[in-house]
Amino acid sequence: AAGVIQSPRHLIKEKRETATLKCYPIPRHDTVYWYQQGPGQDPQFLISFYEKMQSDKGSIPDRFSAQQFSDYHSELNMSSLELGDSALYFCAGRENTEAFFGQGTRLTVV
Amino acid sequence: GIQVEQSPPDLILQEGANSTLRCNFSDSVNNLQWFHQNPWGQLINLFYIPSGTKQNGRLSATTVATERYSLLYISSSQTTDSGVYFCAVYGNNRLAFGKGNQVVVIP
């Protein structure tokens, strides 16, 4: 398995706080994706980066932003957190059109 | 965007039984993957199968790209097979997921 690492694994934040989720793909991954999965839902696409440039944007709130750095790790920044942002957040790296997902970050907003 | 439909949405199996999960998609794709989401939430890659048939132990998958569907077969199911099975297809620069098949295997 091509190991995508995410941190932290769990995060608890209060409403209106900010959160930063991190993703570490492996060097072979040319594309990084972020997905949000609410309870009982399928993963929803947020944003992607190809070679460190934003390549596509999905249903990502304006309160969220993301970037990919020179070392290829990516961060998802979430501000003014709302209760509805509580979800599992996945990062995935793509290698030859196959996607490999990290373990996810479970964000709970209280 | 590409629509992905999975059936059945829920399935209860007796341990040892076989089952077939189906994924229909609305447009031609150059990638299709099956994932298993375990009770801890982790998405495990099962198959990368844009076309043809693959087997991995008790699991196998077949994709007929020209007819826009894929099947995942679980044979001799075990309790560890419980979880949600997702089909995802790559189109418009992203992976689009189906709603999943919730599988419960009872001893």
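Let me sum up the structure you'll find in this document. Just so you know, these numbers come straight off a predicted model, no measurement behind them. (Residues numbered from 1 in each chain as written. Chains lettered and ligands numbered in written order. Predicted model: local features only at pLDDT ≥ 70, side-chain atom pairs only at ≥ 80, totals over all residues. Heavy atoms only, no water.)

## Focus: the sheet that holds strand E3 (residues 19–24) of chain A
All names here are of chain A.
Alright, step 1. Read across the sheet, 4 strands follow the order E1-E3-E8-E7 without closing on themselves; strand pairing throughout is antiparallel. This sheet does not close on itself; its edge strands, each paired only once, are strand E1 (5–7) and strand E7 (64–68). In this sheet, adjacent strand axes meet at a mean angle of 15° when their direction is disregarded.
Alright, step 2. Sheet topology note: the E3/strand E8 (residues 74–78) ladder contains 5 bridges and is antiparallel. When the sheet's bridge partners are listed, Ala19 is paired in E8 with Met78. (Pairing = 2+ DSSP bridges. Helix = DSSP H or I, 4+ residues; strand = E, 2+ residues; numbered from the N terminus. Axes fitted to C-alpha atoms, helices over the stretch in contact; angles between N-to-C directions.)

## Describing the state of the cysteines
All names here are of chain B.
Alright, step 1. Throughout the structure, instances matching the rule amount to 2 disulfides over all chains.
Alright, step 2. In this model Cys23 forms its disulfide with Cys87; the gap between the sulfur atoms is 2.0 Å. Across the S-S bond linking Cys23 and Cys87, the dihedral sits near -60°, which makes this disulfide left-handed. With Cys23 in strand E3 (residues 19–25) and Cys87 in strand E9 (residues 83–91), this pair connects stretches of sequence that are 64 residues apart.
Alright, step 3. On the accessibility criterion, Cys87 (0% relative accessible area) is buried. (Disulfide = S-S within 2.5 Å. Buried < 20%, exposed > 50% of the residue type's maximum accessible area, 1.4 Å probe, protein only.)

## Concerning the interface of chain A and chain B
Alright, step 1. Each side of the interface is counted separately: chain A has 22 residues, and chain B has 20 residues.
Alright, step 2. Regarding the contact of chain A and chain B, the summed buried area is about 1,600 Å², with carbon and sulfur atoms giving 49% of it.
Alright, step 3. Three residues, A:Asp42, A:Thr97 and A:Phe101, lead the burial of chain A against chain B; their summed loss comes to 29% of the area buried on that side.
Alright, step 4. Where chain A packs against chain B, one counts 2 salt bridges.
Alright, step 5. Close ionic contact of B:Lys99 with A:Asp42 constitutes a salt bridge, the shortest N to O distance being 3.3 Å.
Alright, step 6. Among the secondary structure elements, those contributing two or more residues to the side of chain A that touches chain B are strand E4 (31–37), strand E5 (44–50), strand E6 (53–57), strand E9 (87–95) and strand E10 (98–101) of chain A.
Alright, step 7. Tallied by class, the residues present in the side of chain A that touches chain B amount to 9 nonpolar, 7 polar and 6 charged. (Contact = heavy atoms within 4.5 Å. Buried area = accessible area lost by both parts, 1.4 Å probe. Salt bridge = Lys/Arg side-chain N within 4 Å of Asp/Glu carboxyl O. Nonpolar A, V, L, I, M, F, W, Y, C, P; charged D, E, K, R; others polar.)

## Quick look at the nonpolar core
Residue and element names in this part refer to chain B.
Alright, step 1. Within the largest apolar cluster, 22 residues are counted, with the highest numbers of intra-cluster contacts made by Leu32, Trp34, Leu72 and Val89.
Alright, step 2. Of all the secondary structure elements, the ones that give two or more residues to this core are E3, strand E4 (32–37), strand E5 (43–48), strand E7 (59–64), strand E8 (69–74), E9 and strand E11 (101–106).
Alright, step 3. In this structure, Leu32 is in contact with Cys23, Phe25, Phe47, Tyr48, Ile49, Pro50, Thr63, Ser70, Cys87, Ala88 and Val89, ignoring residues within four places of it in sequence. (Core = buried A, V, L, I, M, F, W, Y, C linked by side-chain atoms within 4.5 Å.)

## Points about the pattern of salt bridges
Residue and element names in this part refer to chain A.
Alright, step 1. The final tally for this structure, using the stated rule, is 7 salt bridges over all chains.
Alright, step 2. Notably, a salt bridge pairs Arg63 with Asp85, separated by 2.9 Å at the nearest N-O pair. Taken together, the residues Arg63 in the loop between E6 and E7 and Asp85 in the loop between E8 and E9 connect sequence positions 22 residues apart.
Alright, step 3. Asp85 gets classed as buried once you look at its relative accessible area, which sits at 4%.

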